[in-house]
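Commentary on secondary and tertiary structure
Spelled out, the chains give:
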Amino acid sequence: MSQSSFQRANTLKAAFLACNVEPLEPAEMERYYVDLSAVRKTSAIDNVSTILDFQEAGDFTTILFTGHRGCGKSTELKKIQSLWEDNYRVIYLEANEETDINDTRYTDLYLIVIKQVEFELRKLGLTFNQDILKSFESWFKDITQENEQSVEKSVNVEAEATLSPTAPFLAKLMVKLLAQIKGSDKQKTTIRQTLEKDLSRLKSDTNLLLSDAYTKLRQKFPECKGLLIIFDNLDRVPPVVAEHLFFDYAAQMQELNCTIIYTVPISILCSPKNPLNQFDGNPHIVPMINIYEFDRHKCDLDYNQTGLDAIASVIEKRVDIDAIFESRHKLLELAKASGGHVRQLMQMMRSACQTASTRKHKKIISEDIEYAVKQQQFSFERFIPEEHYTHLAQVCLTKNVSKDEIGQLMLFNTSVLEYNGDKRWNYPNPVVKRNEFFQQALQSAQQQ
């Protein structure tokens, strides 16, 4: 892996700050981005780009993007945003900032789309067709019993980034409704029941607005293929909510007149209902960085040096290893404990920096690494139910997660990780393997 030409962190504090777990912003790509597609053994990002490339102006498609939380999906999605912003009007949004992520319905997503597209047009000095806008506003006033005065009273224009005093009634109403959906179970239920009384009208009017937005964009930017909306963090919905959203409402999720990328919980791939079968095309999977030599019949896998070097390079791109670590071998210990999970690596790296500094070590040494890994292990021990350890032992032996509720939960909480490439396989998170209940369950399973 090539070294960065930028100044890398050479103190423990600077290393702690540089190893932020947040996704890379477009401005940080050149400095910190590492292309890991070869060691992930996936072409998910390239495949999405091919779809966007092949698509003609005015065509729409729905793209599903999945992988473990913290595996690097958001950074890859922002990379896609950067790559395609000259060809599409890209709206990148975080679903958890807009709605109740633990109880999301597709009607919420429709409201978010309306809100974000209206805002995007307004940023460009464009507006919806006034006849379409007034018709939609009138219908919403009727069904929600809201008016200009009631909305003005409850919306703080100064606090809402997408608003301004001149924003249309529709924009302020969307802000109010989405805030109520996030803030109150009773109001959320009322709003959804109200919208569900006339779903066909909601869909048809939303699509009229989207078609109008497309027309306005093409008039101003003739090279623009249309709207590309990226729903990031939708993979955070719990498995039961995901099944409801992507199985029961698969059709509605695909009926909007724009191109949409939905992030999907990786746990849904193991749902017996196979909800993603109702979508056109396969989901695009960002698996773990493969740090192992795969052998289905071997319990404790050997490490793959290429994979270890690749995930270590994520740290090396940001940190002067000679200045921060007692030796590069210590960094590889962290890489092994990460299982190829980028966020887990970053979390342990920051923990090791803090520990080394607290203990007055000049550099990160073995006991700092051990402390960081143990903290990650203890974090898992707090939420893994004891009955899961027998299932985790089976994953270790078979390299395959069960297609049931427990299997989905283990993928969702990352106690089991997904690897991909020529073969798809699973393996327990390495910090979970350290747990004594896991070791007991494994020993028992091996004796049977």
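Scroll up a little and you will see the structure.
On a predicted model such as this, the values are computed, not experimentally measured, just so you know. Along each chain, residue indices are assigned from 1 in the same order as the chain's sequence is written. Reporting of local features is limited, given that this is a predicted model, to residues whose pLDDT is at least 70; pairs of side-chain atoms are given and counted only at 80 or more, and all residues count toward the totals for whole chains, interfaces and linings. With hydrogens and water set aside, each side-chain value is computed from the structure's full complement of heavy atoms.

Once that is clear, we can look at helix H5 (residues 73-84). In this model H5 runs 16 Å from its N-terminal to its C-terminal C-alpha over 12 residues, within 8% of the 16 Å that 1.5 Å per residue would give. Taking burial as the measure, the 12 residues of H5 include nine buried ones, the bulk of the element. Within the span of H5, buried status applies to Lys 73, Ser 74, Thr 75, Glu 76, Leu 77, Lys 78, Ile 80, Gln 81 and Trp 84. Here, two residues are considered to be in contact whenever any of their heavy atoms come within 4.5 Å of each other. In this description a helix means any DSSP run of H or I spanning at least four residues, a strand means any run of E spanning at least two, and both kinds are numbered starting from the N terminus. Here the buried face of H5 lies against helix H2 (29-32), helix H4 (44-54), strand E1 (62-66), strand E2 (89-94), strand E3 (227-232) and strand E4 (259-264). Each helix should span, by expectation, one fewer than its residue count multiplied by 1.5 Å. Here's how the labels work: a residue is buried when its accessible area is under 20% of the maximum for its type, exposed when over 50%, partly exposed in between, all with a 1.4 Å probe on protein chains only.

Right, let's talk about helix H12 (residues 199-220) for a bit. With 22 residues, H12 should cover 32 Å at 1.5 Å per step; its first-to-last C-alpha distance of 32 Å lies within 8% of that length. Contacts made by the buried residues of H12 are with E2, helix H7 (106-123), helix H8 (130-144), helix H10 (169-183), helix H11 (185-196) and E3.

Here we take up the sheet that holds E1. Two strands are counted as paired when DSSP detects at least two bridges linking them. In spatial order, the strands read E2-E3-E4-E1-E5; together these five strands make up an open sheet with parallel pairing. Every interior strand has two partners, whereas the edge strands, E2 and strand E5 (284-285), have only one. Strand direction decides the pairing type here: E3 and E4, joined by four bridges, are parallel. The partner of Ile 230 across the bridge, within E4, is Ile 261. Against the sheet, H7 touches E2, E3 and E4, its axis set at about 130 degrees to E2. All axes are obtained by fitting lines to C-alpha atoms, using only the stretch in contact for helices, and the reported angles, taken between N-to-C directions, cover 0 to 180 degrees.

The subject of this paragraph is unusual backbone geometry. In this model, Lys 360 sits at a positive phi of 60 degrees, which is unusual for a non-glycine residue. Mapped onto the elements, Lys 360 comes out in the loop between helix H18 (342-358) and helix H19 (366-383). The class for Lys 360 is exposed, based on a relative accessible area of 71%. Located in the positive-phi region is Lys 399, a residue other than glycine, with phi close to 65 degrees. Position of Lys 399 among the secondary structure elements: in the loop between helix H20 (388-398) and helix H21 (405-412). Here Lys 399 falls in the buried class, since its relative accessible area comes to 0%.

Here we come to the pattern of salt bridges. We count a salt bridge whenever a side-chain nitrogen from Lys or Arg sits within 4 Å of a carboxyl oxygen from Asp or Glu. On inspection of all chains with the given rule, the structure shows 28 salt bridges. Where Asp 100 meets Lys 188, a salt bridge forms, and the shortest distance between an N and an O atom there is 2.7 Å. A residue pair is termed long-range when its members are at least 10 positions apart, and Asp 100 in the loop between helix H6 (95-98) and H7 and Lys 188 in helix H11 qualify at 88 residues. Overall, Asp 100 belongs to the buried group, its relative accessible area being 18%. A salt bridge links Lys 374 to Glu 370; the nearest nitrogen and oxygen atoms lie 4.0 Å apart. You can see Lys 374 and its partner Glu 370 sitting in helix H19, four residues apart, about one turn around the helix. On the accessibility criterion, Glu 370 (35% relative accessible area) is partly exposed.

Attention now moves to the packing of H20 against helix H23 (residues 436-447). Contact pair H20 / H23: the axes reach a minimum separation of 8 Å and the direction vectors enclose 60 degrees. Classed by the angle they form, the pair H20 and H23 counts as oblique. Between H20 and H23 lies a crossing of right-handed hand. Of the residues in H23, those in contact with Tyr 389, Thr 390, Leu 392, Ala 393, Gln 394, Cys 396 and Leu 397 of H20 are Phe 437, Phe 438, Ala 441, Leu 442, Ala 445 and Gln 446. In the contact of H20 with H23, the residues fall into 10 nonpolar, three polar and no charged. Just so you know how the angles are binned, under 35 degrees is roughly parallel, over 145 roughly antiparallel, 65 to 115 roughly perpendicular, and the rest oblique. Left-handed describes a crossing in which the near helix is turned anticlockwise from the far one by less than a right angle; the clockwise case is right-handed. In this count, Pro and Cys sit with the nonpolar residues alongside Ala, Val, Leu, Ile, Met, Phe, Trp and Tyr, while Asp, Glu, Lys and Arg are called charged and the others, Gly among them, polar.

Working definition: rings of Phe, Tyr and Trp (its six-membered ring) pair if their centres are within 6.5 Å, and the pair is stacked with planes under 30 degrees apart, edge-to-face with planes over 60 apart, and tilted otherwise. In this structure the tally under the stated criterion is 18 aromatic pairs. Judged by centre distance (6.3 Å) and plane angle (65 degrees), the rings of Tyr 292 and Trp 425 are edge-to-face. Pair noted here: Tyr 292 is in the loop between E5 and helix H15 (305-316) and Trp 425 is in strand E7 (residues 425-428), with a separation of 133 residues, a long-range link. Each of the two residues, Tyr 292 as well as Trp 425, counts as buried. Every member of this aromatic cluster is reached through a ring pair, and the members are Tyr 292, Phe 294, Tyr 303, Tyr 419, Trp 425 and Tyr 427. Think of it as a cone above the ring: NZ of Lys or CZ of Arg counts as a charge over the ring if it is within 6 Å of the ring centre and within 35 degrees of the ring normal. We note Arg 359 situated over the ring of Tyr 371; from NZ or CZ to the ring centre the distance is 5.0 Å.

Relative to the helices and strands, Glu 137 is located in helix H8. Judged by its relative accessible area of 5%, Glu 137 is buried. Glu 137 sits 206 residues away from Arg 343 along the chain, and the two C-alpha atoms are 43 Å apart. Other than its neighbours up to four places away in sequence, Glu 137 contacts Pro 168, Phe 169 and Leu 170.

Within the element layout of this structure, Lys 115 appears in helix H7. Taking the C-alpha atoms as reference points, Lys 115 and Leu 173, 58 residues apart in sequence, are found 8.9 Å from one another. Setting aside its immediate chain neighbours within four residues, Lys 115 contacts Glu 98, Glu 160, Thr 162, Met 174, Val 175 and Leu 178.

Moving on: the side chain of Lys 73. Along the polypeptide, Lys 73 turns up in helix H5. Taking the relative accessible area as the measure of exposure, Lys 73 reaches 5% and is therefore buried. Beyond its immediate stretch of four places on either side in the chain, Lys 73 contacts Phe 65, Thr 66, Gly 67, His 68, Asp 235 and Val 286.

Attention now moves to the nonpolar core. What is meant by a nonpolar core is a set of buried Ala, Val, Leu, Ile, Met, Phe, Trp, Tyr and Cys residues, joined one to another through side-chain atoms within 4.5 Å. In terms of nonpolar packing, the biggest core is built from 85 residues, with Ile 315, Phe 325, Met 349 and Ile 364 touching the most fellow members. Here this core takes eight residues from H18, the largest share from any one element. If we ignore the near neighbours within four places in the chain, the residues touching Met 349 are Ala 15, Cys 19, Ile 315, Val 319, Ile 324, Phe 325, Leu 334 and Ile 364. Listed in part, the 60 residues of the second largest apolar core include Phe 136, Phe 169, Ile 229 and Val 241.

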